[in-house]
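One-letter residues, chain by chain:
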Amino acid sequence: VLHLGSNTWKEYLFEAEALPQPQTRRFGIGVKGTKPVSLIFERKGNGFALNLTSEASSIDPHTVLLPDASRFSLAIDLTEPGVFKAYVNNRLEYRIRMPHKSAAPFLHCEEGARFTNVRVFGHRDRALERSPKQEIFVDDPYMQGWASNRWAWLPVIRPEDEGARA
């Protein structure tokens, strides 16, 4: 395990690219405050099982299966106070409550795992969360006239209002 920085660090974005070798069985990244929170990859058949683990009891173990790849883009986002977000290949995989207020980033290296482009930022340079696909609304007949004067907006006439008009 290679620790980078201080466990007093708060609100930052930690990124690294992992280059697993054929003999690599386990690797990952994480943060360590009073207890570590780790994003660990373990080789399973033709891919990797991604596990979010922690010694903090508030985090339930959860596994995501990923296909084998020669490169994984990894990120841990702590820029939102009290929230731990983990990304793999720019896709949000985990969003949990952070068990501690500050933590030091670390790399977990075993059996030939290599890392490149290791970076720690004080703020997010780019949005990592996916934006909604707005083009799906362009041809939606129910959304085309919503909040628009293109469609006629008819007043609702209640039966009790009919007698008042006569």
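To be clear, the structure that these remarks concern was listed above.
Report follows, based on the coordinates. Please read these numbers as outputs of a predicted model, since none were measured by experiment.

What follows deals with the nonpolar core. Grouped together as the largest cluster of nonpolar side chains are 28 residues, with contacts concentrated most on Ile29, Val31, Phe41, Phe72 and Phe84. Excluding anything up to four places from it in sequence, Phe72 contacts Ala16, Glu17, Ala18, Pro20, Phe27, Phe41, Phe48, Leu66, Pro67, Val88 and Asn89.

Let us now look at the pattern of salt bridges. Close approach of charged atoms allows side chains of opposite charge to pair. Scanning the model with the defined rule gives 6 salt bridges in all. The residue Glu42 makes a salt bridge to Arg26 at a minimum N-O spacing of 3.5 Å. Here Glu42, found in strand S4 (residues 36-44), pairs with Arg26, found in strand S3 (residues 26-32); they are 16 residues apart in sequence, far enough to count as distant. A salt bridge links Arg91 to Glu93; the nearest nitrogen and oxygen atoms lie 3.3 Å apart. Taking the relative accessible area as the measure of exposure, Arg91 reaches 43% and is therefore partly exposed. Linked by salt bridges that have partners in common, Glu80, Lys85 and Arg95 make up one network.

So, about the sheet that holds strand S2 (residues 13-19). Read across the open sheet, the 5 strands follow the order S9-S8-S7-S2-S11; overall the sheet is antiparallel. The strands lining the two open edges of the sheet, one partner per strand, are strand S9 (91-97) and strand S11 (114-121). Neighbour-to-neighbour, the strand axes of this sheet turn through a mean angle of 15 degrees, independent of strand direction.

Conventions adopted
- Residues numbered from 1 in each chain as written.
- Predicted model: local features only at pLDDT ≥ 70, side-chain atom pairs only at ≥ 80, totals over all residues.
- Heavy atoms only, no water.
- Core = buried A, V, L, I, M, F, W, Y, C linked by side-chain atoms within 4.5 Å.
- Buried < 20%, exposed > 50% of the residue type's maximum accessible area, 1.4 Å probe, protein only.
- Contact = heavy atoms within 4.5 Å.
- Salt bridge = Lys/Arg side-chain N within 4 Å of Asp/Glu carboxyl O.
- Helix = DSSP H or I, 4+ residues; strand = E, 2+ residues; numbered from the N terminus.
- Pairing = 2+ DSSP bridges.
- Axes fitted to C-alpha atoms, helices over the stretch in contact; angles between N-to-C directions.

Limitation: the analysis is restricted to geometry and does not speak to function.
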